[in-house]
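# Fold and geometry: a report
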Amino acid sequence: MAAESPASRVANAGRKAPGLAAAGPASYDQRIVRGRRGEPAAGRPGPHAGETRSEMATTPQQIDLWRQASTEHQRLEFKEAKTQYDTDKLNRYCVAIANEGGGHLLLGVADAPPRPVVGTQAFPDVVATAERLFTAVGFRVDVEEVAHPDGRVLVFHIPSRPRGTAYHLEGAYLMRSGGSLVPMSEDQLRRIFAEGQPDWLEQHSRTGLDAQAVVELLDTQAFFELLKLPYPTERAGVIERLARERLVDETPDGLAVRRLGALLLAKQLADFPDVSRKAPRVVVYTGTSKLETKLDQLGTRGYAAGFQGLVRFVMGQLPQNEVIKDALRTEVKLVPEVVIRELVANALVHQDLAMGGTSVMVEIYADRLEISNPGEPIVDVARFIDGYQSRNERLADLMRRLGICEEKGSGIDRVVRAAEVYQLPAPDFRVGHRRTVVTIFGQRPFEAMDREDRVRACYQHAALKWVMSERMTNQSLRERFNLPESKAAVTSQIIAATVEAGLIKPDEKVGGSRKYARYLPFWA
């Protein structure tokens, strides 16, 4: 019998009701519909005895507060819907928002800032609408009609999906991506399905050990050095600290090393068979393709214990580039070390450890470097500079405390900044087949950059300026490309192409002045 995929397992769990990944409610009559001012709908029962439920009663002031949000996010969605709104689209949005943790969908409010209230005539019967929604999606969505001074607003209060399950509509497990609704990937479904199960990192890798065996297996010396703590004079103090960090547990059978402890501190990952396949791999190719492999090396030590050695090894394999500066020829590495450190650490922290048979890879070509990790990113690749969400929070926290990672969200900023300082093409962040891939290119003159390179660099420059509380201008972009003032027209063409691609937008605060024009990333 063929193995069942995570998507199939989630789907099979939800056959009892349309749109549900788990058993749904028996009938709509057991639920509550709210009409104007939060009163129970006529002919429908209120809460049963002993049942507690928060009142909705959304006020116009609350709607105005929501309108001030800097961007739409997983908890909020605005739609104009002045006269009507597509029923199928409403169903799909309810499923998508529920899958993202629940939130509110507002009809009668423009979705573009400053989001004026325009009023809506859609769905005049909120009770019938709530009943129809329940039948279509299989879970209750409370519908509330709010009399805002600028017009009628409908608020759909959408609950979160149950933990460990996902809602689907006619077999489609939906989520939002920008302004669109898209199916969830298999990686995302796997993460949802694994909720509530024991964390892979927290399970034991080796058990039945004594203190001597633990010290022989783990690089405890490096652990204390990285934490900048004195090494205990007695072995019991070492074990006590490891136990306090939840890397080692005391059990009736002796000491047990968690997978997290092994992954970080193993002197030899091969001593821990269930984590040894997570060792990073470095592959060096002779040219610019995979046709001829020069070296294929697998890491042997834990991530923290071996990180400095891994970075030095990668730097040692990078090609040398000849650069002429101040009439002097200088040999420099293809990519600066700060970029290697940040991207390797980022890949180790954000990999999907639930995926078997795959690991972090560093691939070195004659003209570029590719660093990839298993699993699709949780944060959209376009938001890497300003967004942060860790797939492995405990691993990320320990890596930060050990001085291997930067503070949350700052690592990619450093990579983009380094690319600008060293006059490299902009890094290329993309989603591969069940992998996240970052490509860093060697030095390339502006004339050799194609349109895609220039647009990508323009967007990343605007995003970097935004997170630094600055704004991109024609001058700042020229400086990023190291172009003279005479190339201002060329720079304007790049900005126009990036605006056309929907990646940046003019800063409305400076009006329509071309001389003082400033630009923001599309999400700002």
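First things first, this report covers the structure right here in the doc.

## Looking at the sheet that holds strand 17 (residues 435-441)
Taken together, six strands build an open sheet; the order of strands is 11-10-14-15-17-16 and the sheet is mixed. Each edge of the open sheet is held by one strand with a lone partner, namely strand 11 (293-298) and strand 16 (428-431). Recorded for the sheet is a direction-independent mean angle of 15 degrees between the axes of neighbouring strands. Summarising the sheet, strand 15 (residues 368-374) and strand 17 pair through seven bridges and their orientation is antiparallel. Bridge pairing in strand 17 links R368 to F441. Sheet strands touched by helix 10 (residues 303-317): strand 10 (281-285), strand 11 and strand 14 (361-364). Its angle to strand 10, the strand with the most contacts, is close to 5 degrees.

## Remarks on the pairing of strand 4 (residues 151-158)
Counting buried positions along strand 4 gives eight out of eight residues, so the element sits mostly inside the fold. By the bridge criterion, five bridges tie strand 2 (residues 103-107) to strand 4 in an arrangement that is antiparallel. Within strand 4, the residue paired with L106 across the bridge is V155. Note that strand 3 (residues 142-148) and strand 4 share seven bridges and pair antiparallel. Directly across from D142, in strand 4, lies its bridge partner H157.

## With respect to the side chain of S205
Within the secondary structure, S205 sits in strand 7 (residues 204-209). Of the polar contacts made by the side chain of S205, one reaches the side chain of D274; its length is 2.5 Å. Apart from the residues within four sequence positions on either side, S205 is in contact with V257, R258, R259, A262, F272, D274 and V275.

## Describing the packing of aromatic side chains
On inspection of all chains with the given rule, the structure shows nine aromatic pairs. Here the aromatic rings of F223 and F224 are separated by 5.6 Å at their centres, their planes lie at 80 degrees, and the arrangement is edge-to-face. Accessibility expressed as a relative area gives 1% for F223, which makes it buried. An aromatic cluster of three or more residues is present, and its members are F223, F224 and Y231. One Lys or Arg, K278, reaches over the ring of W200 and ends 5.5 Å from the middle of that ring. Positioned above the aromatic ring of F441 is the side chain of R444, whose terminal nitrogen or guanidinium carbon lies 4.9 Å from the ring centre.

## Quick notes on the nonpolar core
Counting residues in hydrophobic clusters, the biggest one holds 91 residues, and the most contacted among them are V214, L242, L264, I340 and M399. Sort the elements by how many residues they give to this core and helix 11 (residues 337-350) lands first, with eight residues. In contact with L264, other than residues within four places in its own chain, are G302, Y303, A304, A305, L395, L398 and M399. A96, I97, A98 and L174 belong to the second largest nonpolar core, which has 27 residues in total.

## Quick word on the pattern of salt bridges
This model, assessed by the stated rule, comprises 32 salt bridges. A salt bridge links E240 to R244, with the shortest nitrogen-to-oxygen separation between them at 3.9 Å. Residue E240 and its partner R244 are located together in helix 8 (residues 235-244), separated by four residues, close to a single helical turn. One salt bridge connects E245 with R241, and the closest N-O pair in it is separated by 2.9 Å. One exposure class covers both E245 and R241, and it is buried. Through salt bridges with shared partners, a single ionic network connects D367, R368, E370, D428 and R430.

Calculation notes
Residues numbered from 1 in each chain as written. Predicted model: local features only at pLDDT ≥ 70, side-chain atom pairs only at ≥ 80, totals over all residues. Heavy atoms only, no water. Pairing = 2+ DSSP bridges. Helix = DSSP H or I, 4+ residues; strand = E, 2+ residues; numbered from the N terminus. Axes fitted to C-alpha atoms, helices over the stretch in contact; angles between N-to-C directions. Contact = heavy atoms within 4.5 Å. Buried < 20%, exposed > 50% of the residue type's maximum accessible area, 1.4 Å probe, protein only. Polar contact = N/O pair within 3.5 Å; in protein donor to acceptor, adjacent residues only side chain to side chain. Phe/Tyr/Trp six-rings, centres within 6.5 Å; stacked < 30°, edge-to-face > 60°. Lys NZ or Arg CZ within 6 Å of the ring centre and 35° of its normal. Core = buried A, V, L, I, M, F, W, Y, C linked by side-chain atoms within 4.5 Å. Salt bridge = Lys/Arg side-chain N within 4 Å of Asp/Glu carboxyl O.

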